[in-house]
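Here are the chains, one letter per residue:
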Amino acid sequence: MEEKKEKKHVCTICGKQSEATICHACEEKIRGEALEKKKDVEKAGRTDTGRR
Ligand SMILES: [Zn+2]
């Protein structure tokens, strides 16, 4: 039916039209979440290294 839709680029996160796989808004959001995750990992890593 509307297989042409696949040709249209949409954000995989919010599904909105975007020339990139992930639109700018979601990209920034993910970047922020990743940063927070990194903080968490670093925190956990610190306690882990404390064992050594
Ligand atoms: Zn998006």
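Residues numbered from 1 in each chain as written. Predicted model: local features only at pLDDT ≥ 70, side-chain atom pairs only at ≥ 80, totals over all residues.

A word on the overall build of the protein
The secondary structure content of the protein amounts to one helix and zero strands. Per-residue burial for the protein yields a buried fraction of 2% across its 52 residues. (Helix = DSSP H or I, 4+ residues; strand = E, 2+ residues; numbered from the N terminus. Buried ≥ 20, exposed ≤ 12 C-beta atoms within 10 Å, placed from the backbone.)

Some points on the environment of Gln-17
Tracing the sequence through the fold places Gln-17 in the segment before helix 1 (24–49). C-beta crowding within 10 Å serves as the criterion here: with 10 such atoms nearby, Gln-17 is assigned to the exposed category.

A closer look at the environment of Lys-16
As for its position among the elements, Lys-16 is in the segment before helix 1. Here Lys-16 falls in the exposed class, since 10 other C-beta atoms lie within 10 Å of it. What Lys-16 contacts, discounting residues up to four positions off in sequence, is Val-10, Cys-11 and Cys-23. (Contact = placed C-beta atoms within 7 Å.)

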